[in-house]
Amino acid sequence: MATAAAQRTARPQADGAAAREPADYQRVFDAAVAADERIEPRDWMPDAYRATLVRQIAQHAHSEIIGMQPEANWITRAPSLRRKAILMAKVQDEAGHGLYLYSAAETLGTGRDELLDKLHSGRQKYSSIFNYPTLTWADVGAIGWLVDGAAITNQVPLCRCSYGPYARAMVRICKEESFHQRQGYELLLALSKGTPEQHAMAQDAVDRWWWPSLMMFGPPDDESQHSAQSMAWKIKRHSNDELRQRFVDICVPQAESLGLTLPDPDLTWNEERGHYDFGPIDWSEFWDVLKGNGPCNEQRLTQRKRAHDEGAWVREAAAAYAAKHTGGAEAAAHETTGAERA
Ligand code: FAQ
């Protein structure tokens, strides 16, 4: 029997579409997803699958580039050349992640200009976590350990996402996020084992970033409007609550090794469940941040729009350079053809 991939390869091109009924396309798509095969840009896909991917990938891409802001805030004040070099590399990585992800969204037929326009006008979201301020140097460590840690927990399963370009982008992103997580852990460890003031600064940062990190995984499963469909399509492989639990289980022993505490008196090992129980999350804070009322929503968007406007000349210069070179190549091709004719 032909595999779903073989059937898809055998699928007629757009101009021969009459050879198949729409139901056939749906069946081939469903079979590919069921067989854990990758859906590629030229494959037929349901409109809602495409729209869901654009929504999630765009939100992810926006998070990467907005996420540069809280950390970049500390580049000029990093306490040593080594720390500054590491932080600059990390912030550059986030820009790169944004690029891979915008490119993945482009394969679905949605251009970067359109996505950025939606971000700037508030029609698309970015992760709630980046609406919190970085008040001390220890926040750079807390972001690395907790925010990148949460990002990896969420994103490793996305390497098996059913949509090929997103899954492949995630493989590279996750490798870099692992380095980010380790630099945050190492930074916090140095502070935790430093002077009492440094230890207190590390603890304060963890106290402020813990709960917002748990919110990164999205609303509880019974309030997650997209999870069931996204899991059926194998875009998401686990529910928001499953991943949140996995993250808590990873962090508790790491906090112990760091010599820091997590700000949750209800955090206890549950022998029966084989997981840590944790206290209630303040979901009203999460929804409020999503509505634009977090401590830094306005600042983040204003800064993003300013950076975009100030970068207009770079985009224009790049487009002019590309046109000049493409034009030159075309002119050269014409000249060659002309010469051959002569
Ligand atoms: N923030 O039905 P669900 C990073 C929205 S990258 C804002 O559960 P879904 C790297 C959701 O969009 C961090 N909005 O939605 C880094 C939906 O609203 P909509 C970003 C959120 O999509 C580190 C509504 O709530 N990572 O950190 C959030 O199935 C350090 C209902 O929610 C990704 O984007 C939230 N936290 O599940 C960079 C990973 N949660 O769109 C710099 C990919 C939910 O209908 C420094 N994304 N919403 O208007 C995902 O895995 C999923 O999209 C979830 C949400 C899990 C985030």
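As recorded by an unreviewed UniProt entry, the chain carries the name 1,2-phenylacetyl-CoA epoxidase subunit A and is attributed to Streptomyces misionensis.

Considering the overall build of the chain
For the chain, the count of helices and strands is 14 helices and two strands. For the chain, with 342 residues in total, the buried portion stands at 47%. For the chain, contacts bridging at least 24 residues in sequence account for 76% of all contacts bridging at least 6. Within the structure as shown, the chain displays about 17400 Å² of accessible surface, and the carbon and sulfur contribution to it stands at 56%.

Remarks on the site of the ligand
Lining the immediate environment of the ligand, one finds 35 residues, of which Q59, K125, S224, H226 and K236 sit closest. Residue S128 places a main-chain N or O atom 2.8 Å away from a nitrogen atom belonging to the ligand. At 2.8 Å, a side-chain N or O of N240 approaches an oxygen atom of the ligand. Starting from 1100 Å² of accessible surface for the ligand in isolation, the protein chains cover 94%. For the shell around the ligand, the elements supplying multiple residues, two or more each, are α3 (47-66), α5 (81-106), α7 (138-155), α8 (164-192) and α12 (283-293). Per-element accounting of the shell around the ligand gives the leading share, six residues, to α3. Grouping the constituent residues of the shell around the ligand by class yields 12 nonpolar, 14 polar and nine charged.

Digging into the side chain of T136
You can see T136 is positioned in the loop between α6 (112-120) and α7. Other than its neighbours up to four places away in sequence, T136 contacts W74, M201 and R208.

Considering the packing of α7 against α8
At a minimum axis separation of 7 Å, α7 and α8 run at an interaxial angle of 145 degrees. Considering the relative orientation of α7 and α8, their crossing is left-handed. Along the lines of polarity and charge, the residues of the contact of α7 with α8 split into 13 nonpolar, nine polar and two charged.

Here we look at the environment of A32
Among the secondary structure elements, A32 is positioned in helix α2 (residues 22-34). The buried category is assigned to A32, whose relative accessible area is 0%. Distance from A32 to S162, taken between C-alpha atoms, is 8.8 Å for residues 130 residues apart in sequence.

Concerning the environment of E37
Along the chain, E37 turns up in the loop between α2 and α3. Judged by its relative accessible area of 18%, E37 falls in the buried class. The spacing of E37 and G164 is 127 residues in sequence and 8.8 Å in space, taken between C-alpha atoms.

A look at the packing of aromatic side chains
For any pair of aromatic rings, the description rests on two quantities: the centre-to-centre distance and the angle between the ring planes. A full pass over the atoms with the stated rule returns 11 aromatic pairs. Summarising the aromatic geometry, the rings of F29 and W44 are spaced 6.2 Å apart at their centres and angled 80 degrees between planes, so their arrangement reads as edge-to-face. Of this pair, F29 sits in helix α2 while W44 sits in the loop between α2 and α3; the two residues are 15 residues apart in sequence, bridging distant segments of the chain. Judged by relative accessible area, which is 29%, W44 ranks as partly exposed. Plain terms: the ring middles of W283 and F286 are 5.2 Å apart, the flat faces sit at 90 degrees to each other, and that makes the pair edge-to-face.

Points about the state of the cysteines
Tallied over the entire structure, the rule returns zero disulfides. With no disulfide of its own, C161 has C159 as its nearest cysteine by sulfur position, at a separation of 9.7 Å.

Some thoughts on a negative patch on the surface
A grouping of D221, D222, E223 and E242 is seen on the molecular surface, where their side chains present a negatively charged patch. In this fold, E242 is placed in helix α11 (residues 240-258). Exposure remark for E242: the relative accessible area of 43% places this residue in the partly exposed category.

Description of the packing of α8 against helix α9 (residues 196-215)
Close contact between α8 and α9 brings their axes to 7 Å; oriented N to C, the two are set at 135 degrees. Classed by the angle they form, the pair α8 and α9 counts as oblique. From α8, L188, L191 and S192 reach across to α9, where they touch Q198, H199, M201, A202 and V206. Here the contact of α8 with α9 is composed, by residue class, of five nonpolar, three polar and no charged.

Here we look at unusual backbone geometry
Positive phi, close to 60 degrees, is recorded for D36, a residue that is not glycine. By secondary structure assignment, the location of D36 is in the loop between α2 and α3. Residue D36 is classed as partly exposed on the basis of its relative accessible area of 49%. Non-glycine residue K234 carries a positive phi angle of around 60 degrees.

Overview of the pattern of salt bridges
Taken as a whole and assessed by the stated rule, the structure comprises 17 salt bridges. A salt bridge links D139 to R208; its shortest N-O distance comes to 2.7 Å. Of this pair, D139 sits in helix α7 while R208 sits in helix α9, placing them 69 residues apart in sequence. The class for D139 is buried, based on a relative accessible area of 0%. Take R208: its relative accessible area is 25%, and that puts it in the partly exposed class. Salt bridges linked by common partners bring E71, K90, E94 and D148 together as one network.

What counts and how
- Residues numbered from 1 in each chain as written.
- Predicted model: local features only at pLDDT ≥ 70, side-chain atom pairs only at ≥ 80, totals over all residues.
- Heavy atoms only, no water.
- Helix = DSSP H or I, 4+ residues; strand = E, 2+ residues; numbered from the N terminus.
- Buried < 20%, exposed > 50% of the residue type's maximum accessible area, 1.4 Å probe, protein only.
- Contact = heavy atoms within 4.5 Å.
- Areas by Shrake-Rupley, 256 points an atom, 1.4 Å probe, with all protein chains shown as cover.
- Near = heavy atom within 4 Å.
- Polar contact = N/O pair within 3.5 Å; in protein donor to acceptor, adjacent residues only side chain to side chain.
- Nonpolar A, V, L, I, M, F, W, Y, C, P; charged D, E, K, R; others polar.
- Axes fitted to C-alpha atoms, helices over the stretch in contact; angles between N-to-C directions.
- Left-handed = near helix turned anticlockwise from the far one by under 90°.
- Phe/Tyr/Trp six-rings, centres within 6.5 Å; stacked < 30°, edge-to-face > 60°.
- Disulfide = S-S within 2.5 Å.
- Patch = residues over 30% accessible without salt bridge, like charges linked within 9 Å, V, L, I, M, F, W, Y side chains within 5 Å.
- Salt bridge = Lys/Arg side-chain N within 4 Å of Asp/Glu carboxyl O.
- Lys, Arg positive; Asp, Glu negative; His and termini not counted.
- Charge placed at Lys NZ, Arg CZ, Asp CG, Glu CD.
- Parallel < 35°, antiparallel > 145°, perpendicular 65-115°, else oblique.

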